[in-house]
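Commentary on secondary and tertiary structure
Listed below are the residues making up each chain.
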Amino acid sequence: MGVLAALPADRCGLAGTDPRLDVDWTACQGHGLCAELLPEHITLDEWGYPLLGEAPLPPTTLKRARRAAADCPVLALKLATAQGS
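No experiment lies behind these values; they were computed from the predicted model shown.

A separate point is the overall build of the protein chain. From N to C terminus, the protein chain includes 3 helices and 4 strands. Helices and strands in the protein chain line up, N terminus first, as α-β-α-β-β-α-β. Taking the intrachain contacts of the protein chain between residues at least 6 apart in sequence as the baseline, contacts between residues at least 24 apart amount to 63%. Within the structure as shown, the protein chain displays about 5200 Å² of accessible surface, and the carbon and sulfur contribution to it stands at 54%.

Written out as structure tokens, the structure is:
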């Protein structure tokens, strides 16, 4: 389990910021589990790789976003802060 996936927003440095999802493209193998866990924020391209929106994640989605990051088979999905925040 990734560090950010295990901690609440205030303990992992995300409190007061705009959290977003980020993909490590060198690690991602296109399993598609992330899209199954967060279908309203992640869609898949024709090869099964995730397509992420640029909008920050709403606070009500953070718990499921952490789970999606932790459940990624190759840990390619990360919860990060939006650039410029």
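This part is about the environment of C34. With respect to the helices, strands and loops of the structure, C34 is situated in helix 2 (residues 33–37). A residue is classified by how much of its surface remains accessible, and C34, at 12% relative accessible area, is buried. Considering only alpha carbons, one finds C34 and R67, 33 residues apart in sequence, at a separation of 9.1 Å. Apart from residues lying up to four places away in sequence, C34 is in contact with I42, P50 and L77.

What follows is about the side chain of T61. Within the secondary structure layout, T61 lies in the loop between strand 3 (50–52) and helix 3 (62–71). Of the residues examined, T61 reaches a relative accessible area of 4% and is grouped as buried. Setting aside residues no more than four positions away along its own chain, T61 makes contact with L38, E40 and H41.

A word on the nonpolar core. By size, the foremost hydrophobic cluster in this structure holds 18 residues, and its most contacted members are L21, L38, I42, L57, A65, L77 and L79. Here this core gets 4 residues from one element, more than from any other, and that element is helix 3.

A negative phi angle is the norm for most residues apart from glycine, just as the trans form is the norm for most peptide bonds. If you check the backbone angles, L75 has positive phi at about 55 degrees while not being a glycine. Its place among the elements puts L75 in the loop between helix 3 and strand 4 (77–81).

Among the 5 residues that make up strand 1 (residues 19–23), 4 are buried, leaving the element largely enclosed by the rest of the structure. Inspection of the sheet shows strand 1 paired to strand 4 by 5 bridges, in the antiparallel sense. Its bridge partner being in strand 4, R20 is matched across the sheet by A80.

Moving on, we come to the side chain of D45. Within the secondary structure layout, D45 lies in the loop between strand 2 (42–44) and strand 3. Lacking a salt bridge, the buried D45 has R20 as its closest oppositely charged neighbour, with an N-O distance of 17 Å. Polar side-chain contacts of D45 include one of 2.9 Å to the backbone nitrogen of W47.

What counts and how
- Residues numbered from 1 in each chain as written.
- Predicted model: local features only at pLDDT ≥ 70, side-chain atom pairs only at ≥ 80, totals over all residues.
- Heavy atoms only, no water.
- Helix = DSSP H or I, 4+ residues; strand = E, 2+ residues; numbered from the N terminus.
- Contact = heavy atoms within 4.5 Å.
- Areas by Shrake-Rupley, 256 points an atom, 1.4 Å probe, with all protein chains shown as cover.
- Buried < 20%, exposed > 50% of the residue type's maximum accessible area, 1.4 Å probe, protein only.
- Core = buried A, V, L, I, M, F, W, Y, C linked by side-chain atoms within 4.5 Å.
- Pairing = 2+ DSSP bridges.
- Lys, Arg positive; Asp, Glu negative; His and termini not counted.
- Salt bridge = Lys/Arg side-chain N within 4 Å of Asp/Glu carboxyl O.
- Polar contact = N/O pair within 3.5 Å; in protein donor to acceptor, adjacent residues only side chain to side chain.

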